[in-house]
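Spelled out, the chains give:
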Amino acid sequence: YCKVNGRNGKLVYSKEMNQTYNDLILLEGELRRALTKEELTLYYQPKIDVNSGEIIGMEALTRWFHPERGFISPQRFITLAEETGLIIQLGEWVIKEACRQQKQWKEAGFKMQRVAINVSALEIQRKDFTAKVRNILKETGVPPQCLELEITENSVMQNTEECIETMNELREMGITLSIDDFGTGYSSFGYLRKFPINHLKIDQSFIRDAFHEPSNAEIVKAMIQLAHTFGVKVVAEGVEERAALDFLKHQNCDYYQGYYFSRPVPAEEFENMLIPEEV
Ligand code: C2E
Ligand code: MG
Ligand code: MG
Ligand code: MG
């Protein structure tokens with residue numbers, strides 16, 4: 001959790017470091033508790049078809065509203081969960097909860113859409129991951145076509161061979177696979193050939209100023225073209241302005257997400273964006 005200085009072979013913590021360390025230990029226990037006490041909840045952000053403007057699915061994003069500390073950002077608690085191994089439990093909760101919600105919406109008369117879930121490297125590396133996902137789908141009655149898994153490019157870089165095997169299994173089941181935050185890691189276009197992926201999500205850092213930063217615009221353009229060569233659809237993250245959307249339209253980008261259309265919202269609010277099932 002923190003850097004430690006050695007002095008005469010002893011571990012020395014500064015008062016500040018100790019504070020941080022204790023705080024993290026505390027937070028870990030609280031996250032463990034949050035998992036059982038329903039302090040965690042999922043928000044949903046729509047994914048939009050660039051051309052038709054229609055909602056084609058949604059991404060589930062975990063929110064932690066701590067009773068005393070208030071909102072804790074995913075960046076903080078996901079990292080903590082990854083470092084402590086709690087991410088396995090958390091990840092399982094996320095898939096279950098997202099599927100439960102899908103089922104509930106369907107029962108309320110809405111057309112079931114595809115929900116995307118963020119998966120950490122630790123989760124995908126587990127041998128039982130595919131079986132776990134299969135069981136949850138079976139239990140909740142959600143078809144695999146309505147589930148998408150987002151994996152960051154850095155995650156798939158670790159244990160590449162095992163990762164590809166797992167991804168092949170998931171794909172064979174009918175699950176949609178996406179590479180998340182593309183462009184922020186090793187960014188090898190070899191992924192497009194090597195990994196059985198359906199979607200490439202271009203990281204928001206490229207999108208946010210693509211339309212007035214010529215070098216970013218060129219990168220985005222190249223990413224879209226190459227992805228399409230491999231039959232991979234492209235999702236642009238972080239679309240905040242009309243100008244970004246116009247640019248993406250011009251570049252034949254397939255889908256987008258961003259504050260321009262909607263922020264991630266609670267399930268009750270997302271319901272307003274759902275389409276009733278045709279009878
Ligand atoms: P991500 O998967 O790349 O999700 C996109 C992030 O960008 C989300 O932040 C979303 O709220 C934010 N975002 C969406 N549109 C815009 C926009 O137009 N402008 C800006 N500035 N931001 C936008 P969030 O919810 O804070 O999540 C951050 C990261 O935490 C996620 O990045 C994901 O890597 C991780 N995360 C969140 N929930 C989970 C989870 O359940 N499991 C795992 N493993 N990771 C999660
Ligand atoms: Mg994501
Ligand atoms: Mg992302
Ligand atoms: Mg991210």
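Data block above holds the structure.
None of the values given here were measured: they were computed from a predicted structure. (Residues numbered from 1 in each chain as written. Chains lettered and ligands numbered in written order. Predicted model: local features only at pLDDT ≥ 70, side-chain atom pairs only at ≥ 80, totals over all residues. Heavy atoms only, no water.)

Colleague: Provide a residue-level description of empty space enclosed by the protein, including the pertinent values.
Modeller: Taken as a whole and assessed by the stated rule, the structure comprises one cavity of 30 Å³ or more. In this model, the largest cavity occupies a volume close to 60 Å³. Contributing elements (two or more residues each) for the lining of the largest cavity: helix 3 (87-107) and helix 5 (129-140). The residue makeup of the lining of the largest cavity, split by class, is three nonpolar, one polar and five charged. (1 Å grid on protein atoms, 1.4 Å probe; cavity = no way out; pocket = protein on both sides within 12 Å on 5 of 7 lines; lining within 4 Å. Points joined across faces, edges and corners; volume = space filled by probe spheres on them. Helix = DSSP H or I, 4+ residues; strand = E, 2+ residues; numbered from the N terminus. Nonpolar A, V, L, I, M, F, W, Y, C, P; charged D, E, K, R; others polar.)

Colleague: For the environment of E162, give the residues involved together with the corresponding values.
Modeller: Mapped onto the elements of the fold, E162 is located in helix 7 (residues 160-173). For E162, a relative accessible area of 43% corresponds to the partly exposed category. (Buried < 20%, exposed > 50% of the residue type's maximum accessible area, 1.4 Å probe, protein only.)

Colleague: Please set out the coordination of the magnesium ion (ligand 3) residue by residue, giving values where relevant.
Modeller: Tetrahedral coordination by four donors puts the ideal angle at the metal at 109.5 degrees, and octahedral coordination by six puts it at 90 or 180 degrees. Those donors, D180 (OD), D181 (OD), E237 (OE) and E237 (OE), are the protein atoms that reach the magnesium ion (ligand 3), and they lie 2.0 to 2.5 Å from it. Summarised as a motif, the one-chain spacing of the donors to the magnesium ion (ligand 3) is D-D-x55-E. In this structure, the magnesium ion (ligand 3) lies 4.1 Å from the magnesium ion (ligand 2), and both are coordinated by D180. One end of the pair, D181, is in strand 8 (residues 176-182); the other, E237, is in the loop between strand 10 (233-236) and helix 11 (242-250), with 56 residues separating them in the sequence. When its relative accessible area of 25% is taken as the criterion, D181 is described as partly exposed. Of the residues examined, E237 reaches a relative accessible area of 9% and is grouped as buried. (Donors = N, O, S within 2.8 Å, 3.2 Å for Na, K, Ca; no water.)

Colleague: Just give me the short version of the pattern of salt bridges, but keep the residues and values in it.
Modeller: Within this structure, the stated rule accounts for 17 salt bridges. The closest approach of N and O atoms between R76 and D23, which form a salt bridge, is 3.4 Å. Remark: D23 occurs in helix 1 (residues 15-37) and R76 occurs in helix 2 (residues 74-84); sequence separation between them is 53 residues. Between K47 and E150 there is a salt bridge, with the nearest N and O atoms lying 2.8 Å from each other. Of this pair, K47 sits in strand 3 (residues 40-49) while E150 sits in strand 7 (residues 147-152), and the two are 103 residues apart along the sequence. Considered together, K47 and E150 belong to a single accessibility category, that of buried residues. The network of salt bridges with shared partners includes K47, E59, R114, E148, E150, K201 and E237. (Salt bridge = Lys/Arg side-chain N within 4 Å of Asp/Glu carboxyl O.)

Colleague: So what about the coordination of the magnesium ion (ligand 2)? Which residues, and what values?
Modeller: Of the protein atoms, only E59 (OE), N118 (OD1), E150 (OE) and D180 (OD) coordinate the magnesium ion (ligand 2), at distances of 2.0 to 2.2 Å. Here the donor residues for the magnesium ion (ligand 2) map to a single chain with the spacing E-x58-N-x31-E-x29-D. On the basis of relative accessibility, which here comes to 1%, the residue E150 falls in the buried class.

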